[in-house]
2 protein chains.
Amino acid sequence: MRGIDSDVNEYTQKRASLITAENALRFDAEAIAGATENEKRAAEIVDTLRVREVNEIWNASEGSGMLMHPDMGFLTVRGAIMNTELYRTIKKLPKGGLLRGHMNTMCDVEFIYRLALDYPAIHIRVGSRITPNAPLPLPEFKPLAPELALEYANAPLLTSADYTPGTWVSLGRARDGYSYGGPEAFDKWIIGLLAITDEPTKDDGTLDKTTAKFFKGYRVARGIVCYEPVLKRFFRRILLSLVEDGVCYAEIRTNFSHKMDMREDGSETFSHRDYLVLFAEAVQEIKYKMKSEGREDEFVGAKLIYCVYRTFNKQKLQWYLEDCIALKAEFPELIAGFDFLGPESRGNLIWDYVESLIWFRQEMKRRELDIPFLFLVGEPMQNEKKAESNLYDALLLGAKRIGHGVNLTKHPLLMQMAKEKGVAVEVCSISNELLGLTSLIHHPLTTLLNYGVPVVLCPDNPASYGYAGLSFDFFQAMVCSNKSNLLSLKQLAKQSLQYSCLNSEEMKSAHEAWERRWHSFVDGIVGGQLESEN
Amino acid sequence: MRGIDSDVNEYTQKRASLITAENALRFDAEAIAGATENEKRAAEIVDTLRVREVNEIWNASEGSGMLMHPDMGFLTVRGAIMNTELYRTIKKLPKGGLLRGHMNTMCDVEFIYRLALDYPAIHIRVGSRITPNAPLPLPEFKPLAPELALEYANAPLLTSADYTPGTWVSLGRARDGYSYGGPEAFDKWIIGLLAITDEPTKDDGTLDKTTAKFFKGYRVARGIVCYEPVLKRFFRRILLSLVEDGVCYAEIRTNFSHKMDMREDGSETFSHRDYLVLFAEAVQEIKYKMKSEGREDEFVGAKLIYCVYRTFNKQKLQWYLEDCIALKAEFPELIAGFDFLGPESRGNLIWDYVESLIWFRQEMKRRELDIPFLFLVGEPMQNEKKAESNLYDALLLGAKRIGHGVNLTKHPLLMQMAKEKGVAVEVCSISNELLGLTSLIHHPLTTLLNYGVPVVLCPDNPASYGYAGLSFDFFQAMVCSNKSNLLSLKQLAKQSLQYSCLNSEEMKSAHEAWERRWHSFVDGIVGGQLESEN
C-alpha cells in the first residue's frame, strides 16, 4: 500500500476544505466566525445539552412504544419538547421580530372565547338546529348592535325544538341553556373550533379537512374580534404574549378585506383607520408598561401588514390599494407592507394583478412612500404551476420578503436572486406541517440555510397550533439540522430584525436593544453552567 | 396611469427572460431545443392527453370519496395509473437502461415462489411452531443437499405439535400439509412476505416496520435464489421483464457479501465466478432470443454491480475488494462498478473505509481496470450527519453515480460538483415513498432536474413494489412537475445510457439502437394520433 498515506492525507485536506467552503456559504458563517469567547462557550454548553437530551430523552423513547423524534408532528411532540432544557433555554433567548403571524390566529383561543363571553353584544347562530345525534354545525359569531340584540333577546336556544336556523342568540344565553352537556360541553365545542388539535394524516382528503378546519376557526375568531371593545384587550394580549416569549417586535398580517368593523355602541363606523388607531394605542400602552418596569428593551413595537384576499377582481383591489396608500401616508410607522391572503391554489395569480401592482409601485414612488410587498408565494406543493408563477412575480416585483416559499428551492435562479437581493423567506415549518404541506424533515429550511438565502422564522398561526411567539420555531430550526447551533439561532434572531420593515432609525435602536439582551442571555448560560459544574 | 403600459411591457419581457433562463439550466434544455418537428408534434399530443386525463381521471375523482392524485402513495394509485392512456404510452417508450435495481427484488415474487416449489431441494423452517392464534413466524428458506434433505424427509410439519423449531421441512411437504387453510393459505403467507402491500403510515414506528418488512422479503427471496437451478430461470425472467417494459440494458446490484451459493448437486462450490458465468449465459441467451425474433435493438445487455454490506470491518472488506478486482480482470464486460449495501443510518461511513477505497482506486489504476464507485449515499432524512458525510466522500472519491442522494439538494457545492463532473443521481422516487422516506411531492427530483444535475430514474426494488422495469418511474417523473414533457422523458432515457458503465463501443451501439427505437416510437404517436383524428 505504498503511497496510500500521502494520498489519504491529501484526500483528508481536500475533504476538510470542501466542508469549510460549504459552511462558508451558510447564513450563519459570519456569526460563527465572529463569535466572542463567551458566545463560543455558550454554544458549546448548549451543544452538550442538546446531545445529552438526544440520548436521555429522544433516543430513550426508542423501544418504549412511545418513539419520539423532535422532528415528528408538532402536536405529537409539543409536550416532550416543552420538557427539554433546550426548549427552556431557547424560550429565554431574545428572538427579535415575528414577521409572519395572522392577527386573528395569534391570540390564545381560550382568551378569545372568554372575551366573547364578557360582552353581551356577541351573538351566535347555526345553520341547523343542534340535535344530540347529528354532527355539530359550524356556528357563526357576530356582535349585534343593542337595538338588534333586543329583537333576539328571547329567541329560542340553539338546542330548542323551536330554533329557526340562522337566528341569532346571545352567546351567554346559548351557553347557559345548552341542553347537551351544559356550559362545559358548550365551551369545549367552541374552543375546539378555534384551534387545530389533531395531526393531519397522510391521506389527501383529510389534508383538505385540516385546512378547512383551520379556516373555520379563523372565521369564528373573526366574528368575535371584529368588535371594538374586544379588540383592545385582544391586541394587548397578543403583544404581551410576544414579550413573554422573548419577541420584541412584530409585523402582524391583518385582513383588511372587509371595509370596517363594529364599534362598542353597535354602529358600523369602525373603519380601517380606527383599527389602526386602536392598534397603535395598544402598542403604545405596552411600551409604557414595559418602560415602567425597566424592561423597554423587551418591546420595541409592532406594525400591521395590510392584507386582502387574492380572490378580489381588479376593480375591487384598486379600492384597497388606494386605502392602503392613504393609511400609510397618515400612519407611516404603522403599515409595514402589503400582502394577499388565502390559499394560492384557489386564488388569482399575482401575474393577474400585475398592472395594478406596477401602478401601486409607481404611486408609492411618486408619493415617496414605502410599502414593500411581502407576498405569500410558492406555498402549495401540488399546484406547482401557480406556485412557480407567483414566485417569479414576487421576486421580479421586488418583494422584500416572501411568505412560505416552500417551492423556492426548486428554482436555481430564484434562489440566487433571493440571496443576492436579500429577499428573506418567511419560513413557517410548524404551520406547514400542521396544514399538511410538508413535515419538518422534508421542509426546505435546511436547504435555504445552507445556501445562505435569508430566512426569518415565523409561526404563521401560533394560536391555532396552541402556542405563542417563536420558541418552538427556533427549537425546530435547531433540531432539524445538525449544522445549526446557538450561534445559528443568534443569526436567525438578528435576521428577524434585519429583514423587518423597521425604518433605519427604529432598526438601529431595535438592534441595540437586542444586542444588550443577547449578551445578557449568553452570560446567563455561561454563568449558569459554571454554577452547575461546581 | 400614465407610463403603466410601457412598464408592464418591460416587466413582461423581463419575466419571460427569467423563465427562459431558468429553463435553460434544466437537464432537458438541449432535448427541447433540438427537437425535430415530429418530436414536437408527439410532445404536443402527449401533453394534450395528459391534460385530458388530469380532467377526466384525476380531477374527476374529487368529491367522489375516492380522491386520487397521480402523486399519491404508489400502491394507492398504481391501479388508476395503469388505466391511463399516458401510462400505456410511456410503457411503449424505449427507456434505455435501468441502473439501480437489486437482483433479489427484481423478479416478480409469484414467479420466485413457483421456482421454489419446482425444486424439492428447497426447504423451509421457522423459529416457533405455527399455531392458529399466534402471529405467523418469519420462515427461512434454503436449498439442502440431497443427503441432508434425506435426514429431514420425515420431519414433522410446521403446524404439527411435534415440530421442533428450527427443523427443515421440504417446501412441498410443508405446503401440502399446512393445517391452517391448506396450500392456498400457505401460498398467500409466503407470497405476502415477498412484497410490500401497504403504504407506510406517517408514524415513525411503522416506518421502521415497512423497512423491516422489506428486509424480511429480501431474506426469504435470497434463501431461494441462492440455488443454481433456480438462478438460471430467475435471471432469464428478470431480463425478459425488462425487455417487455422497454428497458434495453441493466446494471443490477448483486450482493456478493456471501462467499458462495449452492450448486444443483448440493455442493457449496458455486462461487462468485460461477455466478457471473451463469449470469453472462442468461444475458447471452436473451440476446440470441431477441436477435432470432429480429428485435436485437430491444436488448443490448446487462452487467452486475459488485455490492457488499457496509457493516464489514476493513479486513473483511479487503477480501471482497480483491475479489471484485479479480472478477473485473477476468470479466471486464460483466462488472459495472462497486457499491455498499444496507441502510446508511446503521452502517459504517464511507469515511471509515477511505484508506481501503483509495487503495482500491490505486490498484485499479495500476491494473488499468475501471470499476467506478456507484455509492448509495445521502439517503436517510433523519440522520443527516451520516448522509452528509457520505455525500462528501462519494463526490470526492470520484463516484460515477450516487444512489438515492435525496439529501444532495441541501448542499450547494455538492450540487455544483455533481453537475460539473457529470455525477448522476440514481433517483428512486417510488422506492423512497414506499420505504417511508419521502412522498413524491416532497422528493427532490424536480429540484435536481431544474438545476440540471444528471438524473437516472431507477426502481430500486421493483418486484417488492409489484412492478418491473421503469414505466411507473417515468410516469411519476412526468406528473411530478408541470415542466416535464415527452422530450424530458426522452432525455431521461438517453441519460440512462449516457451515465451507465457501458464501455465506449457498447455505448455507441446502445445509443444507435435506442435512437432507432425512439424514432419509431415518436412516429407511432404521431401516426396514431392522425388515425384517431380521421
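Treat the numbers as computed from the prediction; the structure is a model and nothing was measured.

Tallying secondary structure elements over chain A gives 21 helices and 13 strands in all. For 534 residues, the compact-globule estimate of 2.2 N^0.38 gives 24 Å, and the C-alpha radius of gyration of chain A, at 25 Å, lies within 12% of that figure. When its C-alpha atoms are laid out on the principal axes, chain A stretches across 95 × 65 × 50 Å. Within the span of chain A, comprising 534 residues, buried residues form 60% of the whole. Of all intrachain contacts in chain A linking residues separated by at least 6 positions in sequence, the fraction that spans at least 24 positions is 75%. Of the accessible surface of chain A, which amounts to about 21,100 Å², a share of 51% is contributed by carbon and sulfur atoms. Charged side chains in chain A number 62 positive and 72 negative. The centres of these two groups are separated by 2 Å.

All names here are of chain A. Taken domain by domain, chain A comprises domain 1 (88-108 + 213-521) and domain 2 (120-194). The C-alpha-based centres of domain 1 and domain 2 are spaced at 34 Å. At the junction of the two partners, domain 1 supplies 14 residues and domain 2 supplies 13 residues. For the domain 1 and domain 2 pair, buried surface summed over both sides reaches about 1,100 Å², with 72% attributable to carbon and sulfur atoms. At the boundary of domain 1 with domain 2, the tally comes to zero salt bridges. Taken together, domain 1 and domain 2 are joined by one residue pair in polar contact (both at pLDDT 80 or more). For the side of domain 1 that touches domain 2, the element with the highest residue contribution is helix α10 (residues 204-225), accounting for seven residues. In terms of residue class, the side of domain 1 that touches domain 2 is built from seven nonpolar, four polar and three charged.

Here we come to the confidence of the model for chain A. All names here are of chain A. On average, residues of chain A carry a pLDDT of 92, and 96% of them reach 70 or more. Predicted confidence for residues 530-534 stays below pLDDT 50, and this span has two contacts to residues more than four positions away or in other chains. Scored by ipTM, the complex comes to 0.93, with pTM at 0.94.

Turning our eyes to something else, we now look at the relation of the copies chain B and chain A. Turning chain B through 180° and shifting it by 0.0 Å along the axis lays it on chain A, with an RMSD of 0.0 Å. These values place the two chain copies in the arrangement generated by a two-fold rotation axis. Mapped onto chain A, 100% of the interface residues of chain B are again interface residues, and the two copies thus contact each other with one and the same surface.

Residue and element names in this part refer to chain B. The strand order across the open sheet built from four strands is β1-β5-β8-β9, with neighbouring strands paired in parallel fashion. A strand with exactly one partner marks an edge of an open sheet, and here the two such strands are β1 (96-98) and β9 (335-341). The mean angle between the axes of side-by-side strands here comes to 20°, regardless of whether they run parallel or antiparallel. In this fold helix α11 (residues 228-244) packs onto β1, β5 (247-255) and β8 (301-309), with an angle of close to 145° to the strand it touches most, β5. Relative to β1, helix α20 (residues 486-498) is tilted by about 65°, and along the sheet it contacts β1 and β5.

Residues and elements named next belong to chain A. Taken in spatial order, the four strands of this open sheet run β10-β11-β12-β13, and their pairing is parallel. Two strands close off the open sheet at either side, each with one partner strand: β10 (374-377) and β13 (455-457). Going from strand to strand, the sheet's axes swing by 30° on average, the running direction of each strand aside. Taken together, the four bridges between β10 and strand β11 (residues 401-404) define a ladder with parallel strand orientation. Its bridge partner lying in β11, Leu376 is registered against Gly403. Contacts from helix α15 (residues 384-396) reach β10 and β11 within the one sheet, and its direction differs from that of β10 by about 165°.

Residue and element names in this part refer to chain A. Within the secondary structure, Arg310 sits in the loop between β8 (301-309) and α13 (314-330). For the buried Arg310, no salt bridge exists, and the shortest N-O distance to an oppositely charged side chain is 4.8 Å, to Asp339. From its side chain, Arg310 meets the backbone oxygen of Gly342 in a polar contact 3.0 Å long. A polar atom in the side chain of Arg310 sits 3.1 Å from the backbone oxygen of Leu376.

Applying the stated rule across the entire model yields 62 salt bridges over all chains. One salt bridge connects Arg88 of chain B with Glu85 of chain B, and the closest N-O pair in it is separated by 3.1 Å. With Arg88 of chain B and Glu85 of chain B both in helix α5 (residues 85-92), this residue pair falls three residues apart, about one helical turn. Judged by its relative accessible area of 38%, Arg88 of chain B falls in the partly exposed class. The exposure class assigned to Glu85 of chain B is partly exposed, which follows from its relative accessible area of 32%. Measuring nitrogen to oxygen at the nearest pair gives 2.7 Å for the salt bridge that ties Glu426 of chain B to Arg401 of chain B. Taken together, the residues Glu426 of chain B in strand β12 (residues 424-427) and Arg401 of chain B in strand β11 (residues 401-404) connect sequence positions 25 residues apart. Across the pair, Arg401 of chain B and Glu426 of chain B agree in class, each one buried. Salt bridges sharing common partners tie together Arg100, Glu251, Arg253, Asp339, Arg401, Glu426 and Asp460 of chain A.

With 64 residues of chain B at the contact, the number on the chain A side is 64 residues. Around 5,900 Å² of area is buried between chain B and chain A when both sides are counted, 60% of it from carbon and sulfur atoms. One can count two salt bridges joining chain B with chain A. Linking Arg15 of chain B and Asp393 of chain A is a salt bridge whose minimum nitrogen-to-oxygen distance equals 2.8 Å. Applying the counting criterion to the chain B and chain A interface returns 24 residue pairs in polar contact (both at pLDDT 80 or more). Among the elements of the structure, α1 (4-25), α10 (204-225), α14 (354-366), α15 (384-396), α16 (412-421) and α18 (445-451) of chain B are those that each provide at least two residues to the side of chain B that touches chain A. The leading source of residues in the side of chain B that touches chain A is α1 of chain B, at twelve residues. Taken together, the residues that form the side of chain B that touches chain A break down as 28 nonpolar, 18 polar and 18 charged.

This part covers helix α3 (residues 37-58) of chain B. With 22 residues, α3 of chain B should reach 32 Å at 1.5 Å per residue; the first-to-last C-alpha distance of 30 Å fits that figure. Considered for burial, the residues of α3 of chain B that qualify are Glu39, Ala42, Ala43, Ile45, Val46, Leu49, Arg50, Glu53 and Trp58 of chain B.

All names here are of chain B. Burial within β5 is extensive, with nine of its nine residues counted as buried. Bridge count for β1 against β5 is three bridges, and the pairing is parallel. Note that in β5 the partner of Leu98 across the bridge is Ala250.

In this section: the side chain of Lys410 of chain A. Inspection of the secondary structure assignment puts Lys410 of chain A in the loop between β11 and α16 (412-421). Every residue in contact with Lys410 of chain A, bar those within four places of it in the chain, is listed here: Glu384 of chain A together with Thr446, Thr447, Asn450 and Tyr451 of chain B.

Here we take up unusual backbone geometry. Excluding glycine, most residues fall at negative phi; most peptide bonds, likewise, are trans. All names here are of chain A. Phi at Glu368 takes a positive value of approximately 55°, unusual for a residue other than glycine. Tracing the chain through its elements places Glu368 in the loop between α14 (354-366) and β10. For Glu368, a relative accessible area of 73% puts it in the exposed group. Even without a glycine there, the phi angle at His404 is positive, about 65°. Note that His404 resides in strand β11. By relative accessible area, His404 is classed as buried at 3%.

Moving on, we come to the packing of helix α6 (residues 109-118) of chain A against helix α9 (residues 182-194) of chain A. Residue and element names in this part refer to chain A. It is at 9 Å that the axes of α6 and α9 come closest, and there the two elements cross at 125°. One element, α6, and the other, α9, form an angle in the oblique class. The two elements α6 and α9 meet at a crossing, and its hand is right-handed. Along its contact with α6, which presents Val109, Glu110 and Tyr113, the element α9 presents Phe186, Asp187, Ile190, Ile191 and Leu194. Considered class by class, the residues forming the contact of α6 with α9 number six nonpolar, no polar and two charged.

Moving on, we get to the environment of Ala31 of chain A. Residue and element names in this part refer to chain A. As for its position among the elements, Ala31 is in helix α2 (residues 29-33). It is 40 Å that separates the C-alpha atoms of Ala31 and Gly3, two residues lying 28 residues apart in sequence. The residues contacting Ala31, other than those within four sequence positions of it, are Leu487 and Gln491.

Definitions and cut-offs
Residues numbered from 1 in each chain as written. Chains lettered and ligands numbered in written order. Predicted model: local features only at pLDDT ≥ 70, side-chain atom pairs only at ≥ 80, totals over all residues. Heavy atoms only, no water. Helix = DSSP H or I, 4+ residues; strand = E, 2+ residues; numbered from the N terminus. Rg over C-alpha atoms; globule rule 2.2 N^0.38 Å. Buried < 20%, exposed > 50% of the residue type's maximum accessible area, 1.4 Å probe, protein only. Contact = heavy atoms within 4.5 Å. Areas by Shrake-Rupley, 256 points an atom, 1.4 Å probe, with all protein chains shown as cover. Lys, Arg positive; Asp, Glu negative; His and termini not counted. Charge placed at Lys NZ, Arg CZ, Asp CG, Glu CD. Domains from an automatic or database assignment. Buried area = accessible area lost by both parts, 1.4 Å probe. Salt bridge = Lys/Arg side-chain N within 4 Å of Asp/Glu carboxyl O. Polar contact = N/O pair within 3.5 Å; in protein donor to acceptor, adjacent residues only side chain to side chain. Nonpolar A, V, L, I, M, F, W, Y, C, P; charged D, E, K, R; others polar. pLDDT = per-residue confidence, 0-100. Least-squares fit on C-alpha atoms with pLDDT ≥ 70 in both. Pairing = 2+ DSSP bridges. Axes fitted to C-alpha atoms, helices over the stretch in contact; angles between N-to-C directions. Expected span 1.5 Å × (residues − 1). Parallel < 35°, antiparallel > 145°, perpendicular 65-115°, else oblique. Left-handed = near helix turned anticlockwise from the far one by under 90°.

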